[in-house]
Amino acid sequence: MKRITRALSDITTETAQLGQLEPGVTLQERYLVLALHGAGGMSSVYRARDLHFPNVTKTVAVKEMINMATDPAMHEMIVRNFEREADLLATLSHPAIPRIFDYFTHESSSYLVMEFIDGKDLEALLRETDDFLPENQVVKWAIELCDVLNYLHLHKPQPVIFRDVKPSNIMIDGHSSIRLIDFGIARIFQPGQKGTMIGTDGYAPPEQYRGEASPPGDMYALGATLHHLLTRRDPRAEPPFSFSERPIRSINEKVSPELEATINAALSYDPADRFPTAEAMRSSLISVAKETGILVSPRTAASAGQPSNEVQEIWSFECEDEVRGSPLVMDGVVYIGCYDNNLYALDAKTGEFIWKFATEGGIASRPASDGELVYVSSEDTRMYALSAQRGTLAWTYYTGGPIRSSPVVFEGHIFIGADDARLHVVNMFNGSAAWKQEVAGPIRSTPTIIDERVYFGCESSDFYCYDFRGELKWRFGKARRGITSSPIMVEGMLFFGSMDWSLYALEAEAGWQIWKFRMGRPTISSPVFAEGRIYTGCADGRIYAIDSRGGREIWHFQTEHQVTGSPTIFEDSIFCGSVDGSMYCLDMRSGRKRWQFQTGGPITGTPTVSDNRIYFGSNDHRVYALLT
Amino acid sequence: MTFLQRIFGKASTDLEQTSPDGIETAPLDPATIDGAALSNHTLVGTSQSTGVERAHNEDALFSLLGSSSGEDSVPDFGLFVVADGMGGHRSGEVASALSVRSVAHRLAADPLLHLFDLNGSSEGLPLQDLVRRALQDANQSVVNKVPGGGTTLTTALVLGKQMTIGHVGDSRAYILTPREAKVVTRDHSLVNRLVELGQLTEAEAAVHPQRNVLYKAIGQGANLEVDVETHPIPKNGFLLLCSDGLWGVVPDEEIQRIAWGADHPQAACDELIRAANAAGGPDNITAVLVYFPPT
């Protein structure tokens, strides 16, 4: 028989069956019940007045636990366990632990009388607020919690493992200090309930499901609690042990990386990877507080210099205007177009000038080649075929508008889009038109050709699939802005971005939309694929990694300005430029930055990697070669 | 095992040997089978059994396979659903049946019916969003109409060369290629979660007393997060949807052997159910097997 873990917060219905005490009832001729304060599971908490203090109003909390056992031996055992636990609690003395004044058992109920805490638990606090809790507040609570857990773990003769750290067991009292409540004593009254508890919990460490309880287990639960407080994402509503799938800073960017790292360490699956003691976690939190300035540290204002380039430049070459195009690297030569209208051929090893060819407009595209000839498109409306060796002109092809699309060489033809709203298919050898196809708007996207089909986007917001005879196979019209991004195809699916802030995934045969991923701004960046993920840039300044089959974000990296160029993958690194002027190298799997190289102007082109070197242009008029 | 269970259990086993789903079916003409056998057509088989130990069947399935040909014809399409219900007082079987029907209704209306619309108008949602919404609607129906009931649900929407799989719970979708049997869904069970984290081995998980505890299922609250993934259809391969009554008792290698050993997915499905019952049939068994041709 299958069972489902219980839904969140509807446990109170059970207590309706319990014989709750009415206000006015006096227990042991001493505790006058004033009101029901809270109820959960098999217990209720009342606010009561201690009548032994007739001249003042001493308020206490009375916790009532119902003994449901019908078997007399079992009933007796539960009462004995209760008394043993109550004795233990009475010996604890710490400012964060409520004091125990008294306990007794009456008929089928046992009662614990303790300090009444006038405050609010953290679960209630989360419920009543909408914004993220401030980091400094959470760190302060975390340090106090480590302090009390450390006290419990070092308790003699036996350490006390709390086992149930979670927001609802942490109260903030009238002095804004934390108080740990509910020492699990109520669990004694729930024999055989283990199975249903599992899975609803969300805060308990994996090893607790094997019955292991140890100080690192409490550290895990504390980590889970802090994760919940900082992200507002309730772990009971998520798959068990899935904190690493929702990194804190991906939800709440205001949290410092130092605090995130400390919490991640506490949340390690393997207890051996966590903080061994609460004291160790406390030290880590204190240093976080110092680093981030929550606590005043004598070391502040250190290390606040200019970012230095962390990677070696091999050479750079200065042109006469912005370099917005992307390089082609072939046979030891870098071919790159510039807004000074020239296509440059540079020695890939040294950066030495070999030749240049002047067009009559800026070059924003990437050249293509078949080995003999280099094809380059210009905003002067023409595509040129030049000898790769000397840069002499073989032929010129005229379109009816500026060209921003890059040429694609395929089976003796060149496919290219232009602002004259036509896809041009040109004979590679003599530059004559094989066919042209008129579409609804300018084509700045570079076509992708697979299995005798041509796929490309259009500034009209349409996306087209034509066959080699120029016959329309399908058109996708659900994007709401232009498609400048160039498509890629992986396993029968097409991926491209749109100015409507989305990345699209289409089934390639008929153009059905499979998924759409929404970003924070328009995108003209062309996606790349590796290991089941699509990587793309966006004008929201981010480089995204997105699961290709499910359209979910895996990570994103925030640059300082728009990302209009496209990423390039080499081995397990992503290289991508940003308008903030930097070329970034990121770990492909985690999105962590490996290095950053600052140039003097925005980088809008796409880098090319060849022979362990990366080549790209910048709007500071330079072409760069760096070691990867 | 009580006396009654022994009797009924035994009776049930005997029944399985003649008909895997307790319903008399006419055997396919061998000539038909040979003619179609793993040919260049998409083929489907379905089978279901209450199993040996259970009195009720709480599983449900749905299967629809379409193809057309002619100038400008729509590509092959299919919709397949398996659900495994849970909950007392017959709420399990109501939940699974209701969910399957709700998902089939949603996905048949859009996108499948829209395939034939010459104007090509549809709501314009991505397929994954349609699948996600179909499961969420089923969830809402169960929450509203079947309190205390719940169900797993795994569905595959096949359109052209891609299939979009929506999933919650611990029923599974497999892709079987001549080389391997690969599970493409993730069991939403506590035990599997512990396996994923390296806290339990596969062997420990298979016998863990809490292996049936799910952390995600249809009918368990207002907000349901659905796993949705799109995979290319396996050319010269199978898609298998099944409940844990099959995968929990018949090893993957055996599933793989049976699928490839039969002449037709229907024969393979019947054989899979027979194998699960032969292994004790501790639970309801449901299998939907779709064969995709090499081209």
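All figures in this text were calculated on a predicted structure; none of them were measured in a lab.

Turning next to the overall build of chain B. The number of helices and strands found in chain B is nine helices and eleven strands. Classification of the 295 residues of chain B by burial places 52% in the buried group. Partitioning the intrachain contacts of chain B with sequence separation of at least 6 by distance along the chain shows that 73% fall at a separation of at least 24.

Glancing now at the overall build of chain A. Scanning chain A for helices and strands turns up nine helices and 42 strands. Taken against the 2.2 N^0.38 rule, which gives 25 Å for 628 residues, the C-alpha radius of gyration of chain A at 34 Å runs more than 25% over that of a compact globule. Dimensions of chain A, computed from the C-alpha atoms along their principal axes, are close to 105 × 55 × 40 Å. Expressed as a percentage of its 628 residues, the buried residues of chain A come to 45%. Partitioning the intrachain contacts of chain A with sequence separation of at least 6 by distance along the chain shows that 48% fall at a separation of at least 24.

Right, let's get into the nonpolar core. Residue and element names in this part refer to chain B. The biggest cluster of nonpolar side chains holds 174 residues, and the ones touching the most others in it are V81, L135, L240, L272, A287 and L289. Residue contributions to this core peak at nine residues, all from helix α3 (residues 91-112). Those residues within four positions of L240 in sequence are excluded, and the remaining contacts are Y174, L176, I255, A259, A287 and L289.

Take the interface of chain A and chain B next. Contacts between the two partners involve 30 residues from chain A, matched on the other side by 32 residues from chain B. Those elements giving two or more residues to the side of chain A that touches chain B turn out to be β1 (3-4) and β31 (513-518) of chain A. Taken together, the residues that form the side of chain A that touches chain B break down as 15 nonpolar, seven polar and eight charged.

This brings us to helix α8 (residues 257-266) of chain A. Owing to its 3.6 residues per turn, the α-helix brings residues three or four apart onto one side. All names here are of chain A. Within α8, burial applies to L259, T262, I263 and A266. Looking down the long axis of α8, one finds its buried residues gathered within 95 degrees of arc, a one-sided arrangement. Where the residues of α8 are buried, they touch α4 (135-153), α6 (215-231), α7 (248-251) and α9 (278-291).

This part is about helix α8 (residues 252-261) of chain B. Residues and elements named next belong to chain B. Every buried residue of α8 is accounted for by I255, Q256, I258 and A259. One side of α8 holds all its buried residues, which, seen down the axis, span an arc of 165 degrees. Summarising the geometry of α8, the exposed residues directed more than 90 degrees from the buried face are E253 and G261. Residues of α8 that are buried sit in contact with β6 (172-176), β7 (181-183), β10 (237-242), α9 (265-278) and β11 (285-292).

Our next topic: the environment of F410 of chain A. All names here are of chain A. Here F410 shows up in strand β20 (residues 408-410). Note: C-alpha distance between F410 and I449 (39 residues apart in sequence) is 7.7 Å. Not counting chain neighbours up to four residues away, the residues in contact with F410 comprise F415 and I449.

Residue and element names in this part refer to chain A. The four strands are arranged β28-β29-β30-β31 in an open sheet whose pairing can be described as antiparallel. Every interior strand has two partners, whereas the edge strands, β28 (488-490) and β31, have only one. For this sheet, the mean inter-axis angle between neighbouring strands, taken without regard to orientation, is 20 degrees. By the bridge criterion, three bridges tie β28 to strand β29 (residues 493-497) in an arrangement that is antiparallel. Looking at β29, one finds that I488 is bridged to F495.

What follows covers unusual backbone geometry. Cis rather than trans, the peptide bond between D110 of chain B and P111 of chain B has omega equal to 25 degrees. Phi angles above zero are rare outside glycine, and E107 of chain A is one such case at about 50 degrees. Structurally, E107 of chain A is set in the loop between β6 (100-106) and β7 (109-115). Look at E491 of chain A: it is not a glycine, yet its phi comes out positive at around 45 degrees. Within the secondary structure layout, E491 of chain A lies in the loop between β28 and β29.

With that settled, the discussion passes to the sheet that holds strand β36 (residues 568-570) of chain A. All names here are of chain A. Read across the sheet, four strands follow the order β36-β37-β38-β39 without closing on themselves; strand pairing throughout is antiparallel. Edge strands, defined here as strands with exactly one partner in the open sheet, are β36 and β39 (593-598). With strand direction ignored, the average angle separating the axes of adjacent strands in the sheet is 20 degrees. With three bridges connecting them, β36 and strand β37 (residues 573-577) associate as antiparallel partners. Counted as the bridge partner of T568 is F575 from β37.

Residues and elements named next belong to chain A. Burial analysis of strand β34 (residues 542-547) places five of its six residues in the buried class, which makes it a mostly covered element. Of the pairings in the sheet, the one linking strand β33 (residues 533-537) to β34 comprises five bridges and is antiparallel in character. Bridging across to β34, Y535 finds its partner in A545. Taking the residues between adjacent antiparallel strands as the criterion, β33 and β34 are bridged by four residues, where G541 takes a positive phi near 90 degrees. Alignment of β34 against strand β35 (residues 553-558), held across five bridges, turns out to be antiparallel. Bridging from a neighbouring strand, R542 pairs with Q558 of β35. Joining the antiparallel neighbours β34 and β35 is a turn of five residues, in which G551 adopts a positive phi near 70 degrees.

So, on to the environment of T129 of chain A. Residues and elements named next belong to chain A. Structurally, the position occupied by T129 is in the loop between α3 (122-128) and α4. A residue is classified by how many C-beta atoms lie within 10 Å of it, and T129, with 10 of them, is exposed. Separated by 103 residues in sequence, T129 and R232 have C-alpha atoms that sit 9.9 Å apart.

To describe two helices that pack against each other, one gives the angle between their axes and the distance between the axes. Residue and element names in this part refer to chain A. As a packed pair, α8 and α9 sit with axes 9 Å apart at the nearest point and diverge in direction by 165 degrees. In terms of their interaxial angle, α8 and α9 are classed as roughly antiparallel. Read as a crossing pair, α8 and α9 show a hand that is left-handed. The segment α8 lies against α9, with E258, L259, T262 and A266 engaging M281, S284, L285, V288 and E291. Here the contact of α8 with α9 is composed, by residue class, of five nonpolar, two polar and two charged.

All names here are of chain A. In terms of burial, strand β26 (residues 463-467) is largely enclosed, as four of its five residues are buried. Relative to β26, strand β25 (residues 453-457) runs antiparallel, the two being bridged by five bridges. Along β26, the bridge assignment pairs R453 with D467. Bridge analysis of β26 against strand β27 (residues 472-476) gives four bridges, and the strand direction is antiparallel. The residue bridging C465 from the neighbouring strand is W474, located in β27.

The next subject is the confidence of the model for chain A. Residue and element names in this part refer to chain A. Chain-level pLDDT for chain A is 87 on average; 91% of the residues reach the 70-or-more range. Within the model, pLDDT remains below 50 along residues 6-17, and this stretch shows twelve contacts once partners closer than five positions in the same chain are excluded. Overall, residues 296-307 carries pLDDT values under 50, and its contacts beyond four positions in sequence, including any with other chains, amount to four contacts.

Calculation rules
- The residue numbers shown here count from 1 along each chain, following its written sequence.
- Each chain gets a letter, beginning with A, and each ligand a number, beginning with 1, in the order they are written.
- Per-residue local features are limited, in this predicted model, to residues with pLDDT of at least 70; the limit for side-chain atom pairs, both in listing and counting, is 80 or more; totals at the level of whole chains, interfaces and linings are taken over all residues.
- The secondary structure listing takes helices from DSSP runs of H or I that are at least 4 residues long and strands from runs of E that are at least 2 residues long, numbered from the N terminus.
- Three exposure classes are used, based on other C-beta atoms lying within 10 Å of a residue's own C-beta, which is placed from the backbone: buried for 20 or more, exposed for 12 or fewer, and partly exposed in between.
- Contact definition: two residues whose C-beta atoms, as placed from backbone geometry, lie within 7 Å.
- A radius of gyration in this sense is built from C-alpha atoms; the matching globule rule multiplies 2.2 Å by the number of residues raised to 0.38.
- Here a nonpolar core is just a set of buried residues of the types Ala, Val, Leu, Ile, Met, Phe, Trp, Tyr and Cys, joined wherever their C-beta atoms sit within 7 Å.
- Only Asp, Glu, Lys and Arg are considered charged, only Ala, Val, Leu, Ile, Met, Phe, Trp, Tyr, Cys and Pro nonpolar, and every remaining residue, Gly among them, polar.
- Arc definition: it is the arc formed by the directions from the helix axis to the C-beta atoms.
- The pairing criterion for strands is at least two bridges between them, as found by DSSP.
- In this description, a line fitted to the C-alpha atoms serves as the axis of each element, helices being fitted only across the stretch in contact, and the angle between N-to-C directions of two axes falls anywhere from 0 to 180 degrees.
- Relative orientations are named as follows: roughly parallel for angles under 35 degrees, roughly antiparallel for angles over 145 degrees, roughly perpendicular for angles from 65 to 115 degrees, and oblique for any other angle.
- Handedness of a helix crossing follows the sense of rotation of the near helix relative to the far helix, less than a right angle counterclockwise being left-handed and clockwise being right-handed.
- What pLDDT expresses is the predictor's confidence in each residue, scored from 0 to 100.

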